[in-house]
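Examination of the molecular architecture
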Amino acid sequence: WLYVDGADDRAWRKRRQDEDARYQEYQDQRAQQAYIEPKDYWTLEELRAYDGKANGEEDGPILLAADGWVFNVYKGRNFYGPGAEYHVMAGRDATRLLAKTRLEEETEHEAAQPLTLAERAALAGWMFTLKNKYEIVGKLEGFDPSTTALK
């Protein structure tokens, strides 16, 4: 006869609940360390201070501007933090990099060209992801929305 009293299942559930509680506490602590007070408008100069390395704060906020919005992307530190693949986008207006799906700086000639319809559509896809994944902490001062509109 096989006797099952459920003790193993209860112990497993308890361990899982404890792990979940510890992980939630860790996430809450990270959110608290990376919190930044939202404001109406951010300047490019202000963004530079939040590139993930400028303040020497390993767990501090990382700001990224795209299509006139400023996001705190600390949850994606593995993408936008120092040494990460998308770090070039942190602490700046990454609109054109996202639209062109580039990870290197544009030349002066490329930067002077308007975005194509395909690039604007690519940016719209990125904006959907950013708005659903990260906290909006304000708008970028002086951004012209007509440069990225899908018209």
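Check the entry above for the structure.
Now for a quick tour of the structure.

In this section: the packing of aromatic side chains. Each aromatic ring pair is described using two quantities: the centre-to-centre distance and the angle formed by the ring planes. Taken as a whole, this structure holds 7 aromatic pairs when the rule is applied. Here the aromatic rings of Phe79 and Tyr86 are separated by 6.3 Å at their centres, their planes lie at 40°, and the arrangement is tilted. The class for Phe79 is partly exposed, based on a relative accessible area of 34%. Centre to centre, the rings of Tyr80 and Tyr134 are 6.0 Å apart; their planes meet at 80°, and the pair counts as edge-to-face. You can see Tyr80 sitting in helix α3 (residues 77–80) and its partner Tyr134 sitting in the loop between α6 (117–133) and β4 (135–140), a full 54 residues away along the chain. Both residues of the pair, Tyr80 and Tyr134, belong to the buried class. Put simply, the rings of Phe79, Tyr80, Tyr86, Trp126 and Tyr134 pair up and form one aromatic cluster.

All right, on to α6 then. Here α6 spans 25 Å end to end across 17 residues, near enough to the 24 Å set by a 1.5 Å rise per residue. If you follow the buried residues of α6, they end up packed against β2 (63–66), β3 (69–72), α3 and α4 (95–99).

Note that side chains of opposite charge can pair when their charged atoms are close. With the rule as written, the count across this model stands at 12 salt bridges. Close ionic contact of Arg13 with Asp9 constitutes a salt bridge, the shortest N to O distance being 3.3 Å. Of this pair, Arg13 and Asp9 both sit in helix α1 (residues 7–33), 4 residues apart, which is roughly one turn of the helix. Looking at Asp9, the relative accessible area reads 36%, which means it is partly exposed. We note a salt bridge from Arg96 to Glu106, for which the minimum N-O separation is 2.8 Å. You can see Arg96 sitting in helix α4 and its partner Glu106 sitting in the loop between α4 and α5 (108–112), a full 10 residues away along the chain. Residue Glu106 is classed as buried on the basis of its relative accessible area of 19%.

Before going further, it helps to examine unusual backbone geometry. Notably, Asp67 is not glycine yet its phi reads approximately 55°, a positive angle. Following the sequence through the fold, Asp67 ends up in the loop between β2 and β3. Given a relative accessible area of 24%, Asp67 falls into the partly exposed group. Its identity is not glycine, yet Thr101 carries a phi of approximately 45°, on the positive side. As for its position among the elements, Thr101 is in the loop between α4 and α5.

Conventions adopted
Residues numbered from 1 in each chain as written. Predicted model: local features only at pLDDT ≥ 70, side-chain atom pairs only at ≥ 80, totals over all residues. Heavy atoms only, no water. Phe/Tyr/Trp six-rings, centres within 6.5 Å; stacked < 30°, edge-to-face > 60°. Buried < 20%, exposed > 50% of the residue type's maximum accessible area, 1.4 Å probe, protein only. Helix = DSSP H or I, 4+ residues; strand = E, 2+ residues; numbered from the N terminus. Expected span 1.5 Å × (residues − 1). Contact = heavy atoms within 4.5 Å. Salt bridge = Lys/Arg side-chain N within 4 Å of Asp/Glu carboxyl O.

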